[in-house]
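Overview (structure and organization)
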Amino acid sequence: MAMLDSSADLSLQATQLFRRKRMTTFAVLLAIVAYFAYIFVAFDIPALWQRANAENAKTLVADAYSYKTHVTMDNRNSEITVSIEGDRKARYTEANEPDWVVRGDETTEIDLGDGHLVTFAPNFVTYDVPDFGLMTFEVSRSRGVIQTYPVDADQLPDWISASKNRVGITTDAGRLSVTRNRSEVFRYFNGWELFFFALESPYYGKSFGEISGLALNGEAAAIFHDFWHNPLWRHGAVVWALFETILMAFLGTLGAAILALPLAFMAARNFAPLFAVRFAVRRFFDFVRGVDALIWTIILTRAFGLGPLTGALAILITDSGTFGKIFSEALENVDSKQIEGIQSTGAKPLQRYRFGVLPQIIPVLLSQVLYFLESNTRSATVIGAITGGGIGLMLVQAIITQKDWEEVSYYIVLIILMVMFMDWFSGWLRKRLIRGK
Amino acid sequence: MADLATTNLNANTVADDYIAQVARKRLYSGLMLLFFVVLMVSGFQVASTRNGGSFWGGIDNFFDYPAEVVSEAWANLDQLPGFMWEYLPALLETFNIAALSTLIGAAFAVVLSLLSTRGLARFPRLIPVFRRIMDATRAIPEIVVALVLIFIMGGGPVPAMIAIAIHTAGALGKLFSEVNENADLKPIDGLASVGASWSQRMLLGVVPQVAPNWLSYALLRLEINIRASAILGFVGAGGLGYELKNAISWGPGRFDEAAAMFIILFLTIMIVDQVSSYFRDRLVHGAAGRS
């Protein structure tokens, strides 16, 4: 193939080639830029900034690492309750109330720190802000909230929002809101409160040392019970949900593998000589794979109701198509010499498959199954959110209620840890099973 | 087995040992299999007790819903093409979410994978850091990011796109770095010897070697992302999934619309599947004429 081009020709060719390549690169870049421009319009990006709610983002981030304690006075009967996040299940009793709430005969003083002082009294509330002055709010059934400020009413700073029936004050120390029906103070603290023990538990507020001391004295079971059945964080339910998610992934993946293996034999060229069978089984795989997991989930939810079984079956059906395809490709690549060797000893077909074929494809099979087990843990989280099972459901519920973002961040951390664990576990198992012990 | 070496190795002991070994192996395999079967059966039972309806109670109804949908779609067969046309924009949105997130995710994956491949990395000391970043982004399920972003940004395609892109960056980054490890280092040395910067070395020395495999993986990811984007629509991220959810929760009366959506989603997935497997075959094995 000796080409007798002169060097001038060669350089010309090279230049042309370079130019063509450059043009192609340029065209691809241009296409991508054009696509981005189209998306900018199609996804309505400019409107996104208007819709985006920075306030939501702030609450989310702040709530993820802090909590607030509510001090609430019912203005109709002057009853005062102190609770964490305003949750009925986390209400302080008179005995264990925090020391920054001081109850007097008539008035209750709430110290928000840094000199901020709120006083609750029947029918009126005062808030003393340092460097600003004392504000007084009188609550009247007929005239709304009567407000007295140290400055003129038209010069109120922007951290006070006032209307006839409602006052909201947000300072660095906390928040006060007064309406005709109730007055409420929020004080913010860092951390995830009551993570280990609820308020009514005898172990609440004890240090780690005290708890371990008590545990050694035979109270370990009671301590664990209080922790496990914590009504706010529901550790038992969360662990169960994690287990349910992994169970869905496990049942779905392995069920799919068991279902797909015999079918894969029917779809492999060297095991199913009949073209019609092969064609039918292969189209079946394509169909099952093509109908999205979402559609299977919908159909199955109608038949089996909500729950983890439905999620497991959705994964099972979708993946049996994928496994069927992968397994049949692996079967087409097996070495026929081993099978012939087994056959020469007089082995029956089933024995030929067991000793001639399976040992060859088991490594491929196992590594695929384990890989899918890991990725299905993630799918099970999503499918669980739709079919109502596992940690996915808890996450969706926690987000929909929009109340406890620290729970949301807790679930997110757990989900990520779960997926990373399954990733590590399947890798470890793959190494042990395939490369030998 | 020290005694084996000292005693006479007559055929009998060897055969006995072999039989014993096989029996032991069979016992272990049998026990493993039994354990596995028990695990599966009890697992299904646990899942079944926690389920709204039981397996045997529901198996008869398995085809009820498809039958309802099909019969309603059959009754309004003449309207089906109209519905398909009506939901084409939603389908396009689902596809765009997938395409854009694959594009953006792949771009990040390229950078991350080059930074975390031994021999190519710009900052070799930071390789473990970039690897952990990829692990973390891979571990985050799309739904987590999507739901949080929907809360902040409101519903729509962008939260879903960002969520899928984050996961794609990690998943593709891992595959890309495996490809990079097989790249020949000689062109890079050559480029380094004429004073090329790191980005020039990567762009001119590595990318031409690995681009076909990268593209192949990216196409595979596009397939996966279309499915993910349809599912995320179901939890409120727009596109076809969202419309499908509305039509289904409406119940009978809009099943014909649901059927139309099922069909276009199925067709899209099939088409993308076929087109991408054709191109992937070409990219990895070369064009038919050249190989």
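Residues numbered from 1 in each chain as written. Chains lettered and ligands numbered in written order. Predicted model: local features only at pLDDT ≥ 70, side-chain atom pairs only at ≥ 80, totals over all residues. Heavy atoms only, no water.

Let's shift gears to the overall build of chain B. Within chain B, the regular secondary structure consists of 13 helices and zero strands. Along its sequence from the N terminus, chain B presents helices and strands in the succession α-α-α-α-α-α-α-α-α-α-α-α-α. For chain B, buried positions account for 43% of its 291 residues. A separation threshold of at least 6 residues defines the contact pool for chain B, and within that pool the share at least 24 residues apart is 74%. (Helix = DSSP H or I, 4+ residues; strand = E, 2+ residues; numbered from the N terminus. Buried < 20%, exposed > 50% of the residue type's maximum accessible area, 1.4 Å probe, protein only. Contact = heavy atoms within 4.5 Å.)

Quick look at the overall build of chain A now. Across its full length, chain A carries 12 helices and 12 strands. Taken over C-alpha atoms, the radius of gyration comes to 34 Å for chain A, far larger than the 22 Å a tight globule of 437 residues would show. For the C-alpha atoms alone, the extent of chain A along its principal axes is close to 100 × 75 × 45 Å. For chain A, the proportion of contacts with a sequence separation of at least 24, taken over those separated by at least 6, is 56%. Surface accessibility of chain A: about 23,500 Å² in total, with carbon and sulfur atoms responsible for 60%. (Rg over C-alpha atoms; globule rule 2.2 N^0.38 Å. Areas by Shrake-Rupley, 256 points an atom, 1.4 Å probe, with all protein chains shown as cover.)

Attention now goes to the domain arrangement of chain B. In many analyses, interface size is given as the accessible surface area lost on bringing the parts together. Along its sequence, chain B is organised into domain 1 (2-49) and domain 2 (75-285). A separation of 45 Å is found between the C-alpha centroids of domain 1 of chain B and domain 2 of chain B. (Domains from an automatic or database assignment.)

The next thing to look at is unusual backbone geometry. Residues and elements named next belong to chain A. Phi is positive for D44, which is not a glycine, with a value near 55 degrees. Its relative accessible area of 39% is what places D44 among the partly exposed residues. The backbone phi angle of D131 is positive, close to 65 degrees, even though this residue is not glycine. Structurally, D131 is set in the loop between β6 (124-129) and β7 (133-140). Judged by its relative accessible area of 86%, D131 falls in the exposed class.

So, about the interface of chain B and chain A. Taken together, the contacts link 60 residues of chain B with 64 residues of chain A. Buried surface at the junction of chain B and chain A, both sides included, amounts to about 5,700 Å², of which 77% is carbon and sulfur. Counting the contacts that link chain B with chain A gives three salt bridges. Residues E244(A) and R50(B) are paired through a salt bridge, measuring 2.7 Å at the closest nitrogen-oxygen approach. Looking at the side of chain B that touches chain A residue by residue, the class counts come to 43 nonpolar, 11 polar and six charged. (Buried area = accessible area lost by both parts, 1.4 Å probe. Salt bridge = Lys/Arg side-chain N within 4 Å of Asp/Glu carboxyl O. Nonpolar A, V, L, I, M, F, W, Y, C, P; charged D, E, K, R; others polar.)

Turning our attention to helix α9 (residues 157-181) of chain B. Helix length check: α9(B), at 25 residues, gives a terminal C-alpha distance of 35 Å against a target of 36 Å (1.5 Å per residue), a fit within 8%. Among the 25 residues that make up α9(B), 19 are buried, leaving the element largely enclosed by the rest of the structure. (Expected span 1.5 Å × (residues − 1).)

This paragraph deals with the sheet that holds strand β5 (residues 116-121) of chain A. All names here are of chain A. One open sheet holds the six strands; their spatial order is β3-β4-β5-β6-β7-β8, and the pairing between them is antiparallel. Strands with a single pairing partner mark the edges of an open sheet, and in this sheet they are β3 (101-103) and β8 (144-148). Strand-to-strand, the axes of this sheet are offset by a mean angle of 15 degrees, without reference to chain direction. As paired elements, strand β4 (residues 108-113) and β5 share five bridges and run antiparallel to each other. Each bridged residue has a counterpart across the sheet, and for T108 the counterpart in β5 is F120. (Pairing = 2+ DSSP bridges. Axes fitted to C-alpha atoms, helices over the stretch in contact; angles between N-to-C directions.)

A surface patch of negative charge is lined by D99(A), E109(A), D111(A), D114(A) and D172(A). Among the secondary structure elements, D114(A) is positioned in the loop between β4 and β5. (Patch = residues over 30% accessible without salt bridge, like charges linked within 9 Å, V, L, I, M, F, W, Y side chains within 5 Å. Lys, Arg positive; Asp, Glu negative; His and termini not counted. Charge placed at Lys NZ, Arg CZ, Asp CG, Glu CD.)

Enumeration over the complete set of coordinates arrives at 23 aromatic pairs over all chains. Ring geometry for F176(B) versus W214(B): centroids 5.1 Å apart, planes at 25 degrees, classification stacked. Taken together, the positions of F176(B) in helix α9 and W214(B) in helix α11 (residues 198-237) put the pair 38 residues apart, joining distant regions of the chain. On the accessibility criterion, W214(B) (7% relative accessible area) is buried. Here the guanidinium or amino end of R187(A) rests over the ring plane of W100(A), the centre of that ring lying 5.1 Å away. For R283(A), the ring lying beneath its charged end belongs to F279(A), and the centroid distance is 4.9 Å. (Phe/Tyr/Trp six-rings, centres within 6.5 Å; stacked < 30°, edge-to-face > 60°. Lys NZ or Arg CZ within 6 Å of the ring centre and 35° of its normal.)

Below, the discussion takes up the pattern of salt bridges. Scanning all chains against the criterion turns up 13 salt bridges over all chains. A salt bridge links R138(B) to D135(B); its shortest N-O distance comes to 2.7 Å. In this pair, R138(B) and D135(B) are both assigned in helix α7 (residues 127-139), three residues apart and thus about one turn of the helix distant. By relative accessible area, D135(B) is classed as partly exposed at 22%. In this structure, a network of salt bridges that share partners links the residues R283(A), D286(A), R289(A) and D273(B).

All names here are of chain A. One open sheet holds the six strands; their spatial order is β2-β1-β12-β11-β10-β9, and the pairing between them is antiparallel. With partners counted over all chains shown, the strands left at the sheet margins are β2 (79-84) and β9 (160-163), one partner each. Strand-to-strand twist across the sheet, computed as the mean angle between neighbouring axes with direction ignored, equals 10 degrees. Sheet topology note: the β9/strand β10 (residues 166-170) ladder contains four bridges and is antiparallel. Each residue of the ladder has a partner; that of S163, found in β10, is R166.

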